[in-house]
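Close look at the chain arrangement
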Amino acid sequence: MPHRKFGDGDVVMGRWPGSVLYYEVQITSYDDLTHLYTVKYKDGTELELKESDIKSVSAFKHRKSNSSSPSRRGGSRSRSRSPGRPARGRRRSSSQGRDAKDDKKKAIRGTKLTPEKPNENNTSRYNGEPDSTERNDTSHKILQQKVDLDLEIDRVLDQYRVRSRKEDKTKEEIYSEKRSFEAAKTIDKASAQTKELEFGGRIGTFCMIVFLPATVLYLLLMCKQEDPSIMNFPPPLPSFDSLWETRVFGVWLVWFFLQALFYLLPVGKVVEGIPLLNGRKLQYRINGFYAFALTAAAVGIFLYFELELHYLYDHFLQFAVSAIVFSVVFSIYLYIRSLKAPEENLSSGGNSGSFIYDFFTGHELNPRIGTFDLKYFCELRPSLIGWVVVNLAMLLAEMKIHNQNVPSLSMILVNSFQLLYVMDALWHEEAILTTMDITHDGFGFMLAFGDLVWVPFIFSLQAFYLVGHPNEISWLAASAIIILNMSGYYIFRCANSQKNAFRKNPKDPRLAHLKFIPTATGKSLLVSDWWGFVRHPNYLGDIIMALAWSLPCGFNHILPYFYVIYFTLFIIHREARDGRQCKKKYGLAWDRYCQRVPYRIIPYIY
Ligand code: NDP
């Protein structure tokens, strides 16, 4: 029987999902399997909470007593109010102007807090519940909660903004406010600690730090073999000289810093990312496509002056080793600088206190040098653009080695499919700002190695394989592979665009046909069309494309299929991680979504 801290019927303070606000709740039950408490708010709302999101009322008494100081009396600021209860009186104001502002706000609140009946359009779109009466009640309640939560957040932010005018405050007010803020920070700090370790915990992450670089070297060495059957013994480890060349490392550094220079160019729009834990939004320059165009121009000039790009093929292993060395040193730098980062900048997934685990998963969420965002830069530029350049080098190497005037059909297919994928990612660069990589994962070895080594050197495995192992394919086979790739791309693009458009503006008339489940955070979950087909239709498209990228290599060896196998496992793991995070964010609404859409990625299979 697992230990539980609180009993049924206990009155405690429960954290409101997605916020730092705590409200008085009563525990109604506890699930031994999921270790979640079901709690009831004063307005009757029921939610599931983790133990770490529940505090005893006594922990808040200190803050309550502060807030009941004469300067704070007025009642509206107590955090023990349920989100469903309307805001009452406002703080005492010292000027008429502020009174008028308060009255106006009260009026707005009064209007908004009038229970809104879900309109017809909404009710027909919302289709997450089996019973229509219950459905209306629940959606109504959730809408009401959302309105109240928005108001509560607005009220708290407003409170701090108004109160920052120190001249209006007594010493006591400033003191009590500081104590409240510190207490909130302590609570937040405790909840930002990583408690559930992923990737096999400390041992798993340690193994990955060792085995990932070894896997890259093994695959590249095998690919160079005349008979790259995995039934063969791995080739002997090459001499140090054939693994390391300082000039190659220099070329790699030039490449990396050239991309950094392109990133710094003041072209392209600047957009805001999603709010961080502290409510701050970082700004990002969207100029990946320009960087790609400039890289293409640089490569064109390179070729024009007959500088041979297949130097990259000839020294491929040395380039991979250079990238590995750089990513390890870079990860050490990232970890050291993260030790000085403010608590609020740490990643909630890489803050376990274990050196190995945090080094691997990334301790700091968005490390920046000035406005230069290191993670965002590495995610698209040296990785994706690097992948395309490597593919092109393989295409030229194939032509040179096999004395061809034109590249083989297989090589053209692999290059074009992957080029399309990269151009799509750069064209929709802004979409990366909402991905798990940017919003949740810290920047450590996992992403640094993934971006700088795994993507350019392993994603290009098919092209590398084809240079040494040409594979003739017929036009009929090529047509079938093209159809397969385009189907995967179609699913991937439609699913991503639909979700992005819905997240940007759920009221977009073009999305009026979509059904959704509202959630307590204010965001809704799509349950029809692509997102009602499987829970991650974009991943399904990804897997289909991955298969199409390997098929041009034929069936002589399994090696070029490494990418499909790895990618399928990776995406299954990613889907599970995302599911866990969505469950945390959306609670019961996510459970309802999973009931309605039972398949995760592949319909009727998984
Ligand atoms: P997604 O783009 O699928 O984003 C997942 C998020 O979408 C969830 O956290 C949730 O966030 C939201 N969401 C989930 N279900 C719904 C729903 N039913 N309705 C509305 N919103 C929903 O995942 P990734 O960040 O992993 O992937 C980003 C892109 O990168 C994808 O295009 C993916 O295909 C691609 N990718 C490519 C890889 C490669 O190596 N080639 C590897 C991994 C990803 P919220 O509710 O907070 O908005």
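Because the structure is predicted, anything quoted here is derived from the model rather than measured. Starting afresh in each chain, residues are numbered from 1 along the sequence in its written order. A pLDDT threshold of at least 70 governs which residues receive local features in this predicted model, and a stricter bar of 80 or more applies before side-chain atom pairs are shown or counted, although totals over entire chains, interfaces and linings include all residues. Calculation of side-chain values draws on the structure's entire complement of heavy atoms; hydrogens and water are dropped beforehand.

Right, let's talk about the overall build of the protein chain for a bit. Strands here mean DSSP runs of E at least two residues long; helices mean DSSP runs of H or I at least four residues long; both are numbered from the N terminus. The helix and strand inventory of the protein chain stands at 22 helices and eleven strands. Here the protein chain holds 606 residues, and the buried ones make up 51% of them. The buried label goes to any residue with under 20% of its type's maximum accessible area, the exposed label to any with over 50%, and the partly exposed label to all in between, with areas taken from a 1.4 Å probe on protein chains only.

The subject of this paragraph is helix α9 (residues 288-304). Its 17 residues give α9 an end-to-end C-alpha distance of 24 Å, which sits within 8% of 24 Å, the value for a rise of 1.5 Å per residue. Buried residues of α9: Gly288, Ala291, Phe292, Thr295 and Val299, and no others. Considered in projection along α9, the buried side chains sweep an arc of 100 degrees and stay on one side of the axis. Turned more than 90 degrees away from the buried face of α9, the exposed residues are Ile301 and Tyr304. Contacts: residue pairs with any heavy atoms within 4.5 Å of one another. Considering only its buried residues, α9 is in contact with α8 (246-264), α13 (374-401) and α14 (409-427). One less than the number of residues in a helix, times 1.5 Å, gives the span that helix is expected to have. Each direction from the helix axis to a C-beta atom contributes to the arc, which is the arc of those directions.

Of all six residues that make up strand β3 (residues 36-41), five are buried, and the element is covered over most of its length. Think of it this way: DSSP has to see at least two bridges between two strands before they count as a pair. With six bridges connecting them, strand β2 (residues 22-31) and β3 associate as antiparallel partners. Counted as the bridge partner of Gln26 is Lys40 from β3.

Grouped together as the largest cluster of nonpolar side chains are 133 residues, with contacts concentrated most on Phe330 and Met394. The biggest single contributor to this core is α13, with 16 residues. Once residues lying within four places of it in the same chain are set aside, the contact partners of Met394 are Tyr313, Phe316, Met411, Ala463, Phe464 and Val467. By nonpolar core we mean a set of buried residues, namely Ala, Val, Leu, Ile, Met, Phe, Trp, Tyr and Cys, connected to one another through side-chain atoms within 4.5 Å. Grouped together as the second largest cluster of nonpolar side chains are 15 residues, Val12, Leu21, Tyr30 and Tyr41 included.

Another aspect to go through is the site of the ligand. What surrounds the ligand is a group of 26 residues, the closest being Asn496, Tyr539, Asp542, Arg574 and Tyr586. Asp578 has a polar side-chain atom sitting 2.7 Å from an oxygen atom of the ligand. What qualifies as a polar contact is a pair of N or O atoms within 3.5 Å, subject to a donor-acceptor requirement within protein and to the restriction that residues adjacent in sequence count only when both atoms come from side chains. A distance of 2.7 Å separates an oxygen atom of the ligand from a polar side-chain atom of Lys585. Secondary structure elements with two or more residues in the shell around the ligand: α18 (475-504), β11 (524-526), α20 (537-550) and α21 (562-586). Of all the elements, α21 adds the most residues to the shell around the ligand, at eight residues. For this scheme, ten residues count as nonpolar: Ala, Val, Leu, Ile, Met, Phe, Trp, Tyr, Cys and Pro. Four count as charged, namely Asp, Glu, Lys and Arg, and the remainder, Gly too, count as polar. Partitioned by chemical class, the residues of the shell around the ligand number 14 nonpolar, five polar and seven charged. Nearness is judged by heavy atoms alone; a residue qualifies as near a molecule or strand once a single heavy atom is within 4 Å of it.

What follows is about the confidence of the model for the protein chain. Scored by pLDDT, the protein chain has a mean of 79; 76% of the residues are at 70 or more. Predictor confidence is given residue by residue as pLDDT, running from a minimum of 0 to a maximum of 100. When the criterion is pLDDT under 50, residues 62-191 qualifies, and its contacts beyond four places in sequence or with other chains add up to 173 contacts.

Let's shift gears to the packing of aromatic side chains. The geometry of an aromatic ring pair is captured by two quantities: the separation of the ring centres and the angle between the planes. Two aromatic rings from Phe, Tyr or Trp, using only the six-membered ring of Trp, form a pair when their centres are within 6.5 Å; if the ring planes differ by under 30 degrees the pair is stacked, by over 60 it is edge-to-face, and anything between is tilted. Enumeration according to the criterion identifies 53 aromatic pairs in this entry. On the numbers, 5.9 Å between centres and 45 degrees between planes, the contact of Phe502 with Phe516 is tilted. Here the residue Phe502 occupies a position in helix α18, and Phe516 occupies one in strand β10 (residues 516-518), the gap between them amounting to 14 residues. Judged by its relative accessible area of 9%, Phe516 falls in the buried class. Note on geometry: a ring has a charge over it if NZ (lysine) or CZ (arginine) is within 6 Å of the ring centre and within 35 degrees of the ring normal. Positioned above the aromatic ring of Tyr313 is the side chain of Lys224, whose terminal nitrogen or guanidinium carbon lies 4.7 Å from the ring centre. Sitting over the face of the ring of Tyr284, Arg368 holds its NZ or CZ atom 4.9 Å from the ring centroid.

What follows deals with the packing of α13 against α14. Close contact between α13 and α14 brings their axes to 10 Å; oriented N to C, the two are set at 165 degrees. Here α13 is positioned roughly antiparallel relative to α14, judged by the angle of their axes. Crossing of α13 over α14 shows left-handed handedness. Where α13 approaches α14, its residues Leu380, Leu384, Ile385, Trp387, Val388, Asn391, Leu392, Met394, Leu395 and Glu398 are matched on the opposing element by Met411, Asn415, Gln418, Leu419, Tyr421, Val422, Ala425 and Leu426. Across the contact of α13 with α14, the residue classes break down as 14 nonpolar, three polar and one charged. An axis is simply a line fitted to the C-alpha atoms; with a helix, the fit covers only the stretch in contact. Between two such axes, the angle follows the N-to-C directions and lies from 0 to 180 degrees. Angles are sorted into four bins: roughly parallel if under 35 degrees, roughly antiparallel if over 145, roughly perpendicular if 65 to 115, and oblique for all others. Working rule for handedness: look at the near helix, and if it is turned counterclockwise from the far one by less than a right angle, call the crossing left-handed; if clockwise, right-handed.

The term salt bridge refers to a side-chain nitrogen of Lys or Arg lying within 4 Å of a carboxyl oxygen of Asp or Glu. Under the defined criterion, the tally for this structure stands at 17 salt bridges. With a shortest N-O distance of 2.8 Å, Arg4 and Asp8 are connected by a salt bridge. The shortest N-O distance in the salt bridge between Lys281 and Glu272 comes to 3.9 Å. Residue class for Lys281 comes out partly exposed when judged on its relative accessible area of 40%.

Next up on the list: the side chain of His469. Note that His469 resides in the loop between α17 (461-468) and α18. A polar side-chain atom of His469 sits 2.8 Å from the main-chain carbonyl oxygen of Gln225.

Attention now moves to unusual backbone geometry. Even without being a glycine, Phe199 presents a positive backbone phi close to 55 degrees. Structurally, Phe199 is set in the loop between α5 (171-192) and α6 (201-224). With a relative accessible area of 15%, Phe199 lands in the buried category. Unusually for a residue other than glycine, Asn403 sits at a positive phi of about 50 degrees. Looking at the element boundaries, Asn403 is found in the loop between α13 and α14.

Before going further, it helps to examine the environment of Asp591. You can see Asp591 is positioned in helix α22 (residues 588-596). Asp591 gets classed as partly exposed once you look at its relative accessible area, which sits at 27%. Separated by twelve residues in sequence, Asp591 and Gly579 place their C-alpha atoms 10.0 Å apart. Residues within four places of Asp591 in sequence aside, it is in contact with Glu48 and Lys583.

Quick look at α13 now. Between its first and last C-alpha, α13 extends 38 Å over 28 residues, near the 40 Å set by a 1.5 Å rise per residue. At every residue, the bend is computed as the angle between two fitted axes, covering the seven residues ending there and the seven beginning there respectively. Taken as a whole, α13 carries its principal kink of about 25 degrees at Gly386. One side-chain oxygen at the N-terminal end of α13 lies 3.3 Å from the backbone nitrogen of Lys375; it belongs to Asp373. Where α13 ends, the next residue or the one after it, Asn403, has phi of about 50 degrees, a positive value.

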